[in-house]
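Breakdown of the fold
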2 protein chains.
Amino acid sequence: MSATAIAYDRAMSRWEPNARVRLEEAALKLYVERGFEQTTVAEIAKEAGLTERTFFRHFADKREVLFSGSAVLQEILVSHVAGSPGSATPMAAVAGALGATCPLFEERREHARHRQSVIDTSPVLQERELLKLATLGAALAGALRERGTGEPAASLLAETGIAVFRVAFGCWINGSDRRTLADHLGESLTELKSAVR
Amino acid sequence: MSATAIAYDRAMSRWEPNARVRLEEAALKLYVERGFEQTTVAEIAKEAGLTERTFFRHFADKREVLFSGSAVLQEILVSHVAGSPGSATPMAAVAGALGATCPLFEERREHARHRQSVIDTSPVLQERELLKLATLGAALAGALRERGTGEPAASLLAETGIAVFRVAFGCWINGSDRRTLADHLGESLTELKSAVR
DNA sequence: TACCTTGATGTCAGTGGCTGACATCAAGGT
DNA sequence: ACCTTGATGTCAGCCACTGACATCAAGGTA
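Residues numbered from 1 in each chain as written. Chains lettered and ligands numbered in written order. Predicted model: local features only at pLDDT ≥ 70, side-chain atom pairs only at ≥ 80, totals over all residues. Heavy atoms only, no water.

1. Considerations on the protein's contact with DNA strand D
Rules: Throughout, near means a residue has at least one heavy atom within 4 Å of the molecule or strand. Contacts described as polar in this section are N or O atom pairs within 3.5 Å, which, within protein, must combine one atom able to donate a hydrogen with one able to accept it, while residues neighboring in sequence count only if both atoms come from side chains.
Residues in contact with DNA strand D amount to 21 residues; listed here are only the nearest, T54, R57 and H58 of chain A together with R14 and K62 of chain B. Here DNA strand D approaches the protein such that, of its atoms within 4 Å, sugar and phosphate make up 52%. With respect to DNA strand D, the side chain of R57 of chain A contributes an N or O atom lying 2.5 Å from a base oxygen. Between DNA strand D and the protein, one listed contact pairs a phosphate oxygen with a backbone N or O atom of V41 of chain B at 3.3 Å.

This is how it looks when you write it as structure tokens:
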């Protein structure tokens, strides 16, 4: 993950650099073109100039190649909750953390759309996405507990926050280009507050 | 599903009856004994007196054999939301529907514990569980829309309801035998109401 | 009775995801 | 000149899952 961020300007090694990123790009391209199920790992590897075996050294399975971003997301969420002022309510801390992730998506709305269109066509990819979101939720709950929130409130707020994010993300991805993800997040939050009672 | 509920007292056909149920029981038994990954589908089929090919005629994959109950759950949720009085708030309708599912679990707490202990050991099973819950959430949202709730409120309430259920279920499964699932559901709901603001 | 249809199951061959074991070979240090 | 490191390639193999075809009791029909 850190290695792929380094900029090489010359052949510094025996192989082309950024194998991991090349695999990610090849996979998304082929998944969009042919569909997820109709693409074999061998084809992805070939497209990236590597072998199937090397693919599986970089990614645990064929789905995981679409989800490298979740680690970054988790860091943002956890650090924002940890760094939120002690005076903020747990709900405000979660809302702030979710808001902090928005720029990452806004920067690459088209990429997000492509990626999501692939995920939406395959139940097994939806499963993986749900697992990643649940993992984010668990991390969020842990960060809330560190801040003094008890159980089950911490888990409840974390899960609810993730639910709000899912709904807002869905609206953003399918909606007009004029409304930002942050807009949708805000709307979903206020809707939730008014509906829960 | 309906066929397995019929009580046969004699050999009414060429094969032992209730193949589907036998497969489910064999699978849970072996998953508990050896672990999910260490159990092959051929072993499950043999334990049930069938072949691997027949297993895959009854279940889409090796995980699905643990999730036949979700269809019943979905029916209960949807019918209770649809049948809730028009005067009830959407939140109350969701809460009522979730509460209506509790007896199904209370009746078989030990079975639920075994099943959950297997799921908790395997990420791929957790994925499937999350997909089932998300499907329930989507059905719940649909039932709310039928009742007149708009979007994104319907999805938001449905997702939140599922989140509440997940948290409550986790507390119930791991907690003391004196507290019912309905108890935990009620507590989670009040916690949520007080925390969301 | 003889025949036909139906449907759950068995058999078999094949694809592809994924893994373990071992080989290769440039880079960088000693 | 030598060694170590680490990313990659090669190969054999397991197992989840599928398509195509065969089997054969049950139940209806002529």
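Structure's up, so let's keep going.
2. Looking at the packing of aromatic side chains
Residues and elements named next belong to chain A. Convention followed: Each pair of aromatic rings taken from Phe, Tyr and Trp, with Trp reduced to its six-membered ring, is defined by centres within 6.5 Å and is described as stacked if the planes are under 30 degrees apart, edge-to-face if over 60, and tilted in the remaining cases. Accessibility here uses a 1.4 Å probe with only protein chains present; expressed as a share of the type maximum, an area under 20% marks a residue as buried, one over 50% as exposed, and anything in between as partly exposed. By the criteria applied, helices consist of DSSP H or I runs no shorter than four residues and strands consist of E runs no shorter than two, each listed in order from the N terminus.
Throughout the structure, instances matching the rule amount to 14 aromatic pairs over all chains. Measuring from centroid to centroid gives 5.5 Å for F55 and F59, while their planes differ by 45 degrees, and the two rings are tilted. Under the relative-accessibility criterion, F55 is labelled buried at 0%. A centroid spacing of 5.4 Å and a plane angle of 70 degrees characterise the contact between F105 and F169, whose relative ring orientation is edge-to-face. Residue F105 is located in helix α5 (residues 90-106), and its partner F169 is located in helix α8 (residues 153-174); the two are separated by 64 residues in the primary sequence. Site record: aromatic cluster; members linked through ring pairs are F105, F165, F169 and W172.

3. Comments concerning the interface of chain A and chain B
Test applied: We call two residues in contact when some of their heavy atoms are within 4.5 Å. As used here, buried area is the combined drop in accessible area, with a 1.4 Å probe, of two parts when they are placed together. Salt bridges are defined by distance alone: a side-chain nitrogen of Lys or Arg within 4 Å of a carboxyl oxygen of Asp or Glu.
Facing the 30 residues of chain A at the interface are 30 residues of chain B. Between chain A and chain B, a total of about 2800 Å² is buried, with carbon and sulfur atoms accounting for 69% of that surface. Taken as a group, E127, L156 and V196 of chain A account for 22% of the area that chain A buries against chain B, more than any other trio of residues on that side. Here chain A is connected to chain B by 6 salt bridges. When the shortest N-O distance is used, the salt bridge between R63 of chain B and E127 of chain A registers 3.0 Å. There are 6 residue pairs in polar contact (both at pLDDT 80 or more) connecting chain A and chain B. Contributing elements (two or more residues each) for the side of chain A that touches chain B: α7 (123-146), α8 and α9 (181-195) of chain A.

4. Some thoughts on the packing of α8 of chain A against helix α8 (residues 153-174) of chain B
If you want to describe how two helices pack, look at the angle between their axes and the distance between the axes. Under the convention used in this document: Note on method: axes are straight lines fitted to C-alpha atoms, helices fitted across the in-contact stretch only, with angles between N-to-C directions ranging 0 to 180 degrees. Throughout this description, any angle smaller than 35 degrees is read as roughly parallel, any larger than 145 degrees as roughly antiparallel, any in the 65 to 115 degree range as roughly perpendicular, and the remainder as oblique. A clockwise turn of the near helix away from the far one marks a right-handed crossing, whereas an anticlockwise turn of less than a right angle marks a left-handed crossing. Gly falls in the polar group here, along with every residue not listed as nonpolar (Ala, Val, Leu, Ile, Met, Phe, Trp, Tyr, Cys, Pro) or charged (Asp, Glu, Lys, Arg).
Relative to each other, α8 of chain A and α8 of chain B sit at 150 degrees, their axes nearing to 9 Å. Taken together, the axes of α8 of chain A and α8 of chain B lie roughly antiparallel to each other. In this structure, α8 of chain A crosses over α8 of chain B, and the sense of that crossing is right-handed. Each of S155, L156, E159, T160, A163, V164, R166 and V167 of chain A in α8 of chain A lies in contact with α8 of chain B, whose residues at this interface are S155, L156, E159, T160, A163, V164, R166 and V167 of chain B. Of the residues contributing to the contact of α8 of chain A with α8 of chain B, the split by class is 8 nonpolar, 4 polar and 4 charged.

5. Description of the protein's contact with DNA strand C
Not every one of the 23 residues close to DNA strand C is listed here, only the nearest: R14 and K62 of chain A together with T54, R57 and H58 of chain B. In DNA strand C, the atoms that sit within 4 Å of the protein are 52% sugar and phosphate, with bases accounting for the remainder. With respect to DNA strand C, the side chain of T54 of chain B contributes an N or O atom lying 2.4 Å from a phosphate oxygen. For the surface near DNA strand C, the per-class residue count stands at 7 nonpolar, 7 polar and 9 charged.

6. A few points about the UniProt feature "DNA-binding region" (unreviewed entry) in chain A
How we decide: UniProt positions are given in the numbering used here, feature names are shortened, and annotations may be inferred rather than shown by experiment.
The sites that UniProt annotates as "DNA-binding region" (unreviewed entry) are residues 40-59 of chain A. Between the first and last C-alpha atoms of residues 40-59 of chain A the distance is 14 Å; the span itself is 70% helix and 0% strand.

7. A short note on the UniProt feature "domain: HTH tetR-type" (unreviewed entry) in chain A
Within this structure's numbering, the places UniProt gives as "domain: HTH tetR-type" (unreviewed entry) are residues 17-77 of chain A. Taken end to end, residues 17-77 of chain A is 62% helix and 0% strand, and its first and last C-alpha atoms sit 30 Å apart.

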